[in-house]
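So you can see what is in the structure, the chains are spelled out below.
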Amino acid sequence: MPNMRPDHNGTHRAQFNSNKKKIYATQEICGICGKKVDFSLKFPHPLSPCIDHIIPVSRNGHPSDINNLQLAHLCCNRQKSDKLSPKQDFKADTEVVSNRLLPLTFDWKSL
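Below, the structure is looked at part by part. None of these values were measured; they are calculated from a predicted model.

Conventions adopted
Residues numbered from 1 in each chain as written. Predicted model: local features only at pLDDT ≥ 70, side-chain atom pairs only at ≥ 80, totals over all residues. Heavy atoms only, no water. Helix = DSSP H or I, 4+ residues; strand = E, 2+ residues; numbered from the N terminus. Buried < 20%, exposed > 50% of the residue type's maximum accessible area, 1.4 Å probe, protein only. Contact = heavy atoms within 4.5 Å. Areas by Shrake-Rupley, 256 points an atom, 1.4 Å probe, with all protein chains shown as cover. Core = buried A, V, L, I, M, F, W, Y, C linked by side-chain atoms within 4.5 Å. 1 Å grid on protein atoms, 1.4 Å probe; cavity = no way out; pocket = protein on both sides within 12 Å on 5 of 7 lines; lining within 4 Å. Points joined across faces, edges and corners; volume = space filled by probe spheres on them. Nonpolar A, V, L, I, M, F, W, Y, C, P; charged D, E, K, R; others polar. Phe/Tyr/Trp six-rings, centres within 6.5 Å; stacked < 30°, edge-to-face > 60°.

Re the overall build of the protein chain
Within the protein chain, the secondary structure is distributed over two helices and two strands. Across the 111 residues of the protein chain, 35% fall into the buried class. Across the protein chain, contacts joining residues at least 24 apart in sequence account for 64% of those joining residues at least 6 apart. If you sum the accessible surface of the protein chain, you get close to 7500 Å²; carbon and sulfur atoms cover 56% of it.

Considerations on the nonpolar core
Nonpolar side chains in soluble globular proteins generally cluster together in the buried interior. Counting residues in hydrophobic clusters, the biggest one holds 15 residues, and the most contacted among them are I23, C30, I32, I51, L69, A72 and C76. At the level of secondary structure, the elements contributing two or more residues to this core comprise α1 (13-26), β1 (49-53), β2 (69-73) and α2 (74-80). When residues no more than four places from it in sequence are discounted, the contact partners of A72 are C30, G31, I32, S48, P49, C50, D52 and N77.

Topic: the layout of surface pockets
Taken as a whole, the largest pocket holds about 510 Å³ of empty space. Taken together, 21 residues form the lining of the largest pocket, with R5, H8, I51, H53 and N77 sitting closest to its centre. Of all elements in the fold, only α1, β1 and α2 reach the threshold of two or more residues within the lining of the largest pocket. Ranked by the residues each element gives to the lining of the largest pocket, the list is headed by β1, at five residues. Looking at the lining of the largest pocket, its residues break down into nine nonpolar, five polar and seven charged.

Side note on unusual backbone geometry
In this chain, F43 is followed by P44 through a cis amide linkage whose omega measures 15°. Following the sequence through the fold, P44 ends up in the loop between α1 and β1. Phi is positive for N60, which is not a glycine, with a value near 70°. The topology assignment puts N60 in the loop between β1 and β2. The phi angle at S81 is positive, at roughly 55°, despite the residue not being glycine. By secondary structure assignment, the location of S81 is in the segment after α2.

Some points on the packing of aromatic side chains
Applying the stated criterion to the full structure yields one aromatic pair. Where Y24 meets F39, the ring centres are 5.5 Å apart and the plane angle is 70°; that geometry is what we call edge-to-face. Placement of Y24 in helix α1 and of F39 in the loop between α1 and β1 is noted, with a sequence separation of 15 residues between them. We classify F39 as partly exposed; its relative accessible area is 28%.

Written as structure tokens, this is what we have:
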């Protein structure tokens, strides 16, 4: 069965790709966990960069609006899944103390 999401194969694909490039060029901190994202890692590495929908498309979030997109680690985005969590503003030079409800089940940095 083909993927019918508008940001994958539909009308929003071009705008999503454009916003993805902007986010990759301007952001370096994961919007979910607050740690730096390493762009040298490629999919399917768990810490590779990806784009997260703050309000998931499955919960009527806009598929290509740049205000609904944020940089994330692949593993953070997979753990978040289709849950709603507030957008957090992390500074690169501040220590992050997270109060997320999502448990970290595996330390991927030990690989």
